[in-house]
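One-letter residues, chain by chain:
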Amino acid sequence: MKALEIKITTPQNPLRCHNMLTAVKKGKTEFTPEFALAFLQSTNNRKNIADFVDILERHLAAHPETANDYKRVLFGITANRNQPENIAEKAETLRRTYNITGLEVKIKDKEFEDKNGDYRHVCKLKFPKDMTSLKMERCDLSETALDLSQSTFVTLTVFDNCKMPAKLKLNPAYTWALYWFDTDMSGFDVIYPKEVHWLNFNGKMKFPSVLDLSGIGKSDTVTFQNCDMTNVQEIKFPQTLEKIHFYRVNLPESLDIEKLKQSYYVILSDCTIPTNKEQQNEEILSPEAKNDNLKNRLSNWLKRKLGNAR
């Protein structure tokens, strides 16, 4: 899990690391959270790490009240590190034994990306003010709060097949592009940014019966791609919106395309429309009718733009 990674910033050779641990064993150096963090920043040598974990285990057994001080260390032993099975299992056993949960993590990178991360032990991920990109793929965020409240301009946010928390606050002031891929959105609420230039739903999405995007104050384009939306009873679009694009979508019967066209520039490409609304399906129109349809929509859109300009 990248967010819990302790990077090696002051690499030391194995002999030097062995001497550091020997000093602890002999009582010449005190074993503290600061020492433990500095040690992990120095090496990932398997023999050194195995000795370190043994010392940490003995220390926690003698001083269990200090376990919470070593939260970061207990996760950092294995996070983004290729550890042998015995070390990984011992670290996990220590976390369970001392009930190490509820970790808050501050992300320092302004471009953060992680795949297959299990964040269930993390209660909060806090992102920096200059955050520009967030990409999470196949991550378990079901028990994690994402805090982007300090971020002012996020260029790209992507959630790809992630397990999401009950409530997700995506609350920077502005997001250029927000992508959802293969996500079950039926079981959680989203607080969207006030402005999202491009909002995209793609793939094996599971939508709630009411898809509420009205918390977005302004958006240029909302796109649905390769989705099954047949269970959707209502879509509440952003307060200010220019374009809606449906591409290879199974559209819901409740969606009134003609009514949408009165307010937005709407594009339908290779969509399936319920039987009783086949007259709206562009796939059954002749090429000439399709061209006329497109010209009319462009004309209506230009009229609205010119009217707004006045």
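Residues numbered from 1 in each chain as written. Predicted model: local features only at pLDDT ≥ 70, side-chain atom pairs only at ≥ 80, totals over all residues. Heavy atoms only, no water.

A. Spotlight on the sheet that holds strand β8 (residues 174-181). Ordered by their spatial adjacency, eight strands build an open sheet running β2-β4-β6-β8-β10-β12-β14-β15, and the pairing between neighbours is parallel. Two strands in the sheet have a free side with no partner beyond their single neighbour: β2 (111-115) and β15 (265-269). Taken pair by pair, the neighbouring strands of this sheet meet at an average axis angle of 5°, ignoring direction. Of the pairings in the sheet, the one linking β2 to strand β4 (residues 133-137) comprises five bridges and is parallel in character. If you follow Glu 113 over to β4, its bridge partner there is Lys 135. (Pairing = 2+ DSSP bridges. Helix = DSSP H or I, 4+ residues; strand = E, 2+ residues; numbered from the N terminus. Axes fitted to C-alpha atoms, helices over the stretch in contact; angles between N-to-C directions.)

B. Geometry of the pairing of strand β14 (residues 240-247). One ladder, built from seven bridges, connects strand β12 (residues 218-225) with β14; its direction is parallel. Residue pairing in the sheet places Gln 225 in a bridge with Tyr 247 of β14. Across five bridges, β14 lies against β15 in parallel orientation. Across the sheet, the residue bridging to Phe 246 is Leu 268, located in β15.

C. Representation of the packing of aromatic side chains within the structure. Enumeration according to the criterion identifies 15 aromatic pairs in this entry. On the numbers, 6.2 Å between centres and 25° between planes, the contact of Phe 35 with Phe 39 is stacked. Of the two residues, Phe 35 and Phe 39 are both situated in helix α2 (residues 33-40); the distance of four residues between them amounts to about one turn of the helix. Side by side, Phe 35 and Phe 39 carry an identical accessibility label, which is buried. For the pair Phe 201 and Phe 207, a centre-to-centre distance of 5.8 Å together with 65° between the ring planes defines the contact as edge-to-face. (Phe/Tyr/Trp six-rings, centres within 6.5 Å; stacked < 30°, edge-to-face > 60°. Buried < 20%, exposed > 50% of the residue type's maximum accessible area, 1.4 Å probe, protein only.)

D. Quick look at the pattern of salt bridges. Under the criterion given, the structure shown has twelve salt bridges. A salt bridge links Glu 92 to Arg 96, with the shortest nitrogen-to-oxygen separation between them at 3.5 Å. With Glu 92 and Arg 96 both in helix α5 (residues 85-97) and four residues apart, this pair spans about one turn of that helix. One salt bridge connects Glu 137 with Arg 138, and the closest N-O pair in it is separated by 2.6 Å. (Salt bridge = Lys/Arg side-chain N within 4 Å of Asp/Glu carboxyl O.)

E. Unusual backbone geometry, seen in detail. With a phi angle near 60°, Asn 80 is a residue other than glycine that sits in the positive phi range. In this structure, Asn 80 sits in the loop between α4 (71-76) and α5. Even without being glycine, Asn 116 reaches a positive phi, approximately 60°. As for its placement among the helices and strands, Asn 116 is situated in the loop between β2 and β3 (122-126).

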